[in-house]
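Summary of the model geometry
Okay, here's what each chain looks like letter by letter:
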Protein chains: 4
Amino acid sequence: MISIRTDLAIEATEIYSKENKKGAIDGVAVENSSEDDVKITRVDIKNDEGERSLNKPKGTYITLDIPKLTNYEQEDIDRVGKILGKEILEIIKNTNFREDMTALVVGLGNWNITPDALGPRVISKIMITRHLKEYIPDSIDEGIRPVCGIAPGVLGITGMETGEIIRGIVDRIKPNLVICIDSLASRKMERVNSTIQIGNTGISPGSGIGNKRMEISEKTLGIPVLAIGVPTVVDAATMANDTIDLVIEEMTGAATKGSGFYNMLKEIDKSEKEKMIHEILDPYIGNLMVTPKEVDMVVDVLSKVISTGINVALQPALELKEISKYIG
Amino acid sequence: MISIRTDLAIEATEIYSKENKKGAIDGVAVENSSEDDVKITRVDIKNDEGERSLNKPKGTYITLDIPKLTNYEQEDIDRVGKILGKEILEIIKNTNFREDMTALVVGLGNWNITPDALGPRVISKIMITRHLKEYIPDSIDEGIRPVCGIAPGVLGITGMETGEIIRGIVDRIKPNLVICIDSLASRKMERVNSTIQIGNTGISPGSGIGNKRMEISEKTLGIPVLAIGVPTVVDAATMANDTIDLVIEEMTGAATKGSGFYNMLKEIDKSEKEKMIHEILDPYIGNLMVTPKEVDMVVDVLSKVISTGINVALQPALELKEISKYIG
Amino acid sequence: MISIRTDLAIEATEIYSKENKKGAIDGVAVENSSEDDVKITRVDIKNDEGERSLNKPKGTYITLDIPKLTNYEQEDIDRVGKILGKEILEIIKNTNFREDMTALVVGLGNWNITPDALGPRVISKIMITRHLKEYIPDSIDEGIRPVCGIAPGVLGITGMETGEIIRGIVDRIKPNLVICIDSLASRKMERVNSTIQIGNTGISPGSGIGNKRMEISEKTLGIPVLAIGVPTVVDAATMANDTIDLVIEEMTGAATKGSGFYNMLKEIDKSEKEKMIHEILDPYIGNLMVTPKEVDMVVDVLSKVISTGINVALQPALELKEISKYIG
Amino acid sequence: MISIRTDLAIEATEIYSKENKKGAIDGVAVENSSEDDVKITRVDIKNDEGERSLNKPKGTYITLDIPKLTNYEQEDIDRVGKILGKEILEIIKNTNFREDMTALVVGLGNWNITPDALGPRVISKIMITRHLKEYIPDSIDEGIRPVCGIAPGVLGITGMETGEIIRGIVDRIKPNLVICIDSLASRKMERVNSTIQIGNTGISPGSGIGNKRMEISEKTLGIPVLAIGVPTVVDAATMANDTIDLVIEEMTGAATKGSGFYNMLKEIDKSEKEKMIHEILDPYIGNLMVTPKEVDMVVDVLSKVISTGINVALQPALELKEISKYIG
């Protein structure tokens, strides 16, 4: 069994099924549904075996496949945002998060790199109410839940592990739920900007240095953590690798099994592939990303969809119209 | 004695001296010097009496009057930045902040309002090293001090007191010194963007709601706090008030003492003035600011001067040239 | 008769009426109406006498007083935008601008100075179609009108008169109508960001140097020019001047007519006032503006309202919903 | 002979030499030199044969290979900028551009797409003087040349061919030289952000629709046109194609000449490759770019180097220090 590395549980199941040539995975339940033009997939990793198979912690991962994000009008944003909100609520329901409890929304990522700026942009559209509830409660409706939010930046910007910053704030502010938003990397261009994953197993921000990353999860924070992620880039090295694999696969298909050619194709090893990737990507290896040209606009629309989903889920007493009055 | 309200200790001394018609203030020592075209004023508030007179906590306040910030070239930024750095070092020297200790630099203010964005813009130019020292110490010079930084946003953006956020982070990261940068309001246009105040008594971020602001100071954080502030706006209501005072003053000077006119001028009271200010500023009262048109450029230059000062002060082992290689 | 200097025709009529203590102005027709919460005032300057009285060229000036621009939701933007669109259409109707003709939309102003960035921000939301009509006509609906747009920058940025740039482009592209959008200065805070003026007499961009400004009008371009302007700032010197006037006025009201005090107030002359203004504003005199703190958000909402109005007026064959699909 | 498609003359010579297995190209002179760590290559396409071979118009193309653009400090920017300035001057020398004549600098590209924003960012750092020379000549030094500049946007933003806009402005303003700056696409990652090409044959902005693009050149404008281009992206389809080629090439090398395998490799045709590229890049085919993650910072540094080069070349009477005082 090879090790599966992808941020998306749904990709992990696909890769597993392909590698192992079977549909069902022991310890993993997959469930499909749809609403309007949004496809919803629920992956439950139920035990250690499922955890090992997919290389992801036990828990629930809900994936929304949303329509292509060009030419979204306000109506589409509202519609898809509400579907997302319903799924977020679904996951929250399984925690002890009562209506008067406080949520802290955390926008992970680097605002200077557009495809990584999703989290910070979402934060700027969250309905922030905690300070009003605390200091001038009469100014807002009783049914409004206290919400606070922050986009702390990344390790290279702050010099501090994002997990440490969040833990410090949580210790002091004592919220009852954390919702994290992050940009992910996908293996496939078709997922980029069109897949939203919600999970209840936390998140490990950034790629970290020396693997000392501190995860943001119920284990480290002591309160439930919901993670919302969207793939906004494909790593260029991944794309090059997949291209090479594809070429080899096509040729293998054409070659006579057992022939010298066929055997040679089977023998192309990792180091040869890596040499080729280096030849293509140098001097930028490890530091290149593949993005659609209109990435700035797409991340903007995505941030509106996700903030709508979070706002709707956190403020069930309000209509979307009322919420949008509060947002700058 | 009237209550003096200004963010600048130097303005407080001026107002006090004018109100009380005397130069020296009991419990306050004022010392002037200059370097190149920068005028340096050191105000030491030594005891409770000085504290009461100036309505500012005991401590040291160093003010730099710097040349007008248009047409600054790199050389000017470096020169003024180094002078600032020397004064920062002067204040740090009186703390137990050893060369291998960690500094946390905090950029206060709202990045969406240009004149309030000084703090966040400084942070983006600070030489951040703590993560390198921690995870890949071999990658940087031994003499380099660990520095981390954050621009947390303001209460209206996060829903959390900035003081609480910083306290949470300090408890977790355990730095040995905090340096805060903030935009201030001045009473006088001539100070705007040309005065830098360094103080060792901490800072109370934002105007707060319900006066529940939590100050950022040695008292609340348990470690020394250095505050760097620059007035970048004049509040429009203050300007209107000062204009009215000036008109009245001019007329009083022209009127015969004891005449009905003279007495009338003396009797114009606060409520009448406020009525006039409202007439001028409605419907925006309390929410208007007076800024130079080129405020964006000026705040940019200021942020370079201040980050240079901080970088030079925190990394005495490096040349400015070496520092600038690290900054994005 | 004193010379009236304001960018707004409606302010000019008010000042004239106040100065001359009469309601009606010879050669000027004023007409009021309203739609929803928007007050509409139409000022027609009909002849030379009206032109002299108001210090504005003959023509039609429609003013919309719109509700305060905080907490606008999409619905409000659409509603006010459509009312604006109707008034723009009203003025266009009097030109020979047929449905298949080309419009050039010009966003005047400096994108680096937030309150002056209204024009450029509107351009980024205009439905641009001319290139599609020209090169891939099958890609869009037949009823769609060719529209092009540009934000050329200001004299200090380009080194060229904006009027010259526009004239060069008009000569080459040959549109049939020009619509200009510009930020204006108002004398009154209450008009700031809540008054939209539409006029058919063209515009003189910026304050120019040496008064060599070339106006953008039917006279210089040979095609009809529609100008849309919104006051986004009050000049600080104007505010100081008005404050001084107000103080003097209040005192004059209180003083006995004929008394020495009364006479002195009447005698305060321009040079004395200017001296006071200098004392207040130095060293920034002539270069200060008064703006609401949330100016960035307000200019953003304004740009959406105005672009909606223009899009609706230029594309009568489309629903607003269809238009918004085209906008980035 | 296959058709060579690349924006860079130096790449065209390399591809030609590789395809044709010979170093020298008839009708083309290549000359190498270096200054400090900058490698300078001069390609002169001298006649129709050279033009046909390289698929580029006759003229001079100077390429600077500059050191990697991370960790540039001000000194490096100045140093490389000056070398660039010298080469620009070298090309200008061959025109009749006298010292008192006017230059128009044009920043091509889309400011909303970071790697395409190079041109607009350069414009914001050009020393603009034409309006001063024209209206207040006493305000600046006599030796200063009149320079104006504009970043007109791209076809999709304006609805007008950029070539038409520039032609309209040139007809009206009558400059004596045009300098265009544009982002290019490269075939090789190693050229990205490290190659600057200066040419005297003009430029065809954007990819155009229906090939109706109007070039910006001496032929269309009637005055000399200098084009400065830097590759800032690799098209993702190009990268995928090159990856596939590389894999095939590697295998071909390993296979026995004449074997079935060898022949099959030779026979993989364009349509098969395109099918594979589609499989990799869908649904974004034709709309994906590969960029380094720190693209924003790199484009910023590049814009400083290029504006320095242009400013130094256009203002030979000034020291670089004096120039930087004029830049915002």
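Residues numbered from 1 in each chain as written. Chains lettered and ligands numbered in written order. Predicted model: local features only at pLDDT ≥ 70, side-chain atom pairs only at ≥ 80, totals over all residues. Heavy atoms only, no water.

1. Some thoughts on the overall build of chain A
Looking only at helices and strands, one finds 13 helices and 9 strands in chain A. Within chain A, contacts between residues at least 6 apart in sequence are counted, and of these 71% link residues at least 24 apart. Averaging the locations of the 39 positively and 50 negatively charged side chains of chain A gives two centres separated by 2 Å. (Helix = DSSP H or I, 4+ residues; strand = E, 2+ residues; numbered from the N terminus. Contact = heavy atoms within 4.5 Å. Lys, Arg positive; Asp, Glu negative; His and termini not counted. Charge placed at Lys NZ, Arg CZ, Asp CG, Glu CD.)

2. Things to note about the relation of the copies chain D and chain A
You can overlay chain D on chain A at an RMSD of 0.1 Å; the transform is a turn of 180° with a shift of 0.0 Å along its axis. What we have between these two chains is a two-fold relation. Proximity to the rotation axis, assessed at the C-alpha, singles out D:V290 in chain D; its C-alpha lies 2.3 Å from the axis. A shared interface surface links the copies, since 100% of the contact residues of chain D are contact residues in chain A too. (Least-squares fit on C-alpha atoms with pLDDT ≥ 70 in both.)

3. A look at the confidence of the model for chain A
Residues and elements named next belong to chain A. Mean pLDDT over chain A stands at 87; residues scoring 70 or higher make up 95%. Overall, residues 207-211 carries pLDDT values under 50, and its contacts beyond four positions in sequence, including any with other chains, amount to 6 contacts. Confidence metrics for the complex model read pTM 0.90 and ipTM 0.90. (pLDDT = per-residue confidence, 0-100.)

4. With respect to the domain arrangement of chain A
For chain A, the assigned domains are domain 1 (36-45 + 57-234 + 293-324) and domain 2 (238-285). If you average the C-alpha positions of domain 1 of chain A and of domain 2 of chain A, the two centres end up 38 Å apart. (Domains from an automatic or database assignment.)

5. What to know about the pattern of salt bridges
Summed over the entire model, instances satisfying the criterion amount to 80 salt bridges over all chains. We note a salt bridge from B:D171 to A:R172, for which the minimum N-O separation is 3.9 Å. One end of the pair, B:D171, is in helix 7 (residues 162-173); the other, A:R172, is in helix 7 (residues 162-173), on a second chain. On the accessibility criterion, A:R172 (29% relative accessible area) is partly exposed. A salt bridge links D:R98 to D:D100; the shortest N-O distance between them is 3.5 Å. Each of A:E11, A:E14, A:D65, A:K188 and A:R191 takes part in one network of salt bridges that share partners. (Salt bridge = Lys/Arg side-chain N within 4 Å of Asp/Glu carboxyl O. Buried < 20%, exposed > 50% of the residue type's maximum accessible area, 1.4 Å probe, protein only.)

6. Regarding the environment of A:I310
Among the secondary structure elements, A:I310 is positioned in helix 12 (residues 295-314). In contact with A:I310, not counting residues within four places along its chain, are A:I88, A:V105, A:V122, A:I126, A:I179, A:I181 and A:I228.

7. What about unusual backbone geometry?
All names here are of chain B. One non-glycine residue with positive phi stands out, namely N55, at about 60°. Residue position: N55 is located in the loop between helix 2 (48-54) and strand 3 (59-65). The exposure class of N55 is partly exposed, given its relative accessible area of 42%.

8. Things to note about the pairing of strand 9 (residues 288-292) of chain D
Across the 5 residues that make up strand 9 of chain D, a large majority, 5, are buried. Alternating positions in strand 9 of chain D separate into two faces, D:L288, D:V290 and D:P292 on one and D:M289 and D:T291 on the other, with burial throughout. In this structure, strand 9 (residues 288-292) of chain A lies alongside strand 9 of chain D, joined through 5 bridges in antiparallel fashion. Within strand 9 of chain D, the position partnered with A:T291 by the bridge is D:M289. (Pairing = 2+ DSSP bridges.)

9. Here's the deal with the environment of D:A185
All names here are of chain D. Tracing the chain through its elements places A185 in strand 6 (residues 177-186). For the pair A185 and T232, spaced 47 residues apart in sequence, the C-alpha to C-alpha distance is 6.3 Å. Leaving out residues up to four positions away in the same chain, A185 has contacts with D7, P231 and V233.

10. Some points on the packing of helix 9 (residues 236-254) of chain B against helix 9 (residues 236-254) of chain C
At a minimum axis separation of 10 Å, helix 9 of chain B and helix 9 of chain C run at an interaxial angle of 50°. The pairing of helix 9 of chain B with helix 9 of chain C is recorded here as oblique in orientation. The hand of the helix 9 of chain B/helix 9 of chain C crossing is right-handed. In this structure, helix 9 of chain B contributes B:A236, B:M239, B:A240, B:T243, B:I244, B:V247, B:I248 and B:M251 to the contact, and helix 9 of chain C contributes C:A236, C:M239, C:A240, C:T243, C:I244, C:V247, C:I248 and C:M251. Its residues assigned to classes, the contact of helix 9 of chain B with helix 9 of chain C comprises 14 nonpolar, 2 polar and no charged. (Axes fitted to C-alpha atoms, helices over the stretch in contact; angles between N-to-C directions. Parallel < 35°, antiparallel > 145°, perpendicular 65-115°, else oblique. Left-handed = near helix turned anticlockwise from the far one by under 90°. Nonpolar A, V, L, I, M, F, W, Y, C, P; charged D, E, K, R; others polar.)

11. With respect to the interface of chain D and chain A
Facing the 42 residues of chain D at the interface are 43 residues of chain A. Both sides of the chain D and chain A interface together cover about 3,800 Å² of buried area, and 71% of this is carbon and sulfur. For the chain D face of the interface with chain A, the top three residues by lost area are D:I280, D:Y284 and D:K293, together amounting to 18%. The tally of links from chain D across to chain A stands at 0 salt bridges. Counting every contact that joins chain D to chain A gives 6 residue pairs in polar contact (both at pLDDT 80 or more). For the side of chain D that touches chain A, the secondary structure elements donating two or more residues are helix 9 (236-254), helix 10 (260-267), helix 11 (270-281) and strand 9 of chain D. In terms of residue count, helix 9 of chain D provides more of the side of chain D that touches chain A than any other element does, 12 residues in total. For the side of chain D that touches chain A, the per-class residue count stands at 25 nonpolar, 7 polar and 10 charged. (Buried area = accessible area lost by both parts, 1.4 Å probe. Polar contact = N/O pair within 3.5 Å; in protein donor to acceptor, adjacent residues only side chain to side chain.)

12. Quick look at the environment of A:E51
All names here are of chain A. Mapped onto the elements of the fold, E51 is located in helix 2 (residues 48-54). Under the relative-accessibility criterion, E51 is labelled partly exposed at 29%. For the pair E51 and D26, spaced 25 residues apart in the sequence, the C-alpha separation amounts to 9.7 Å.

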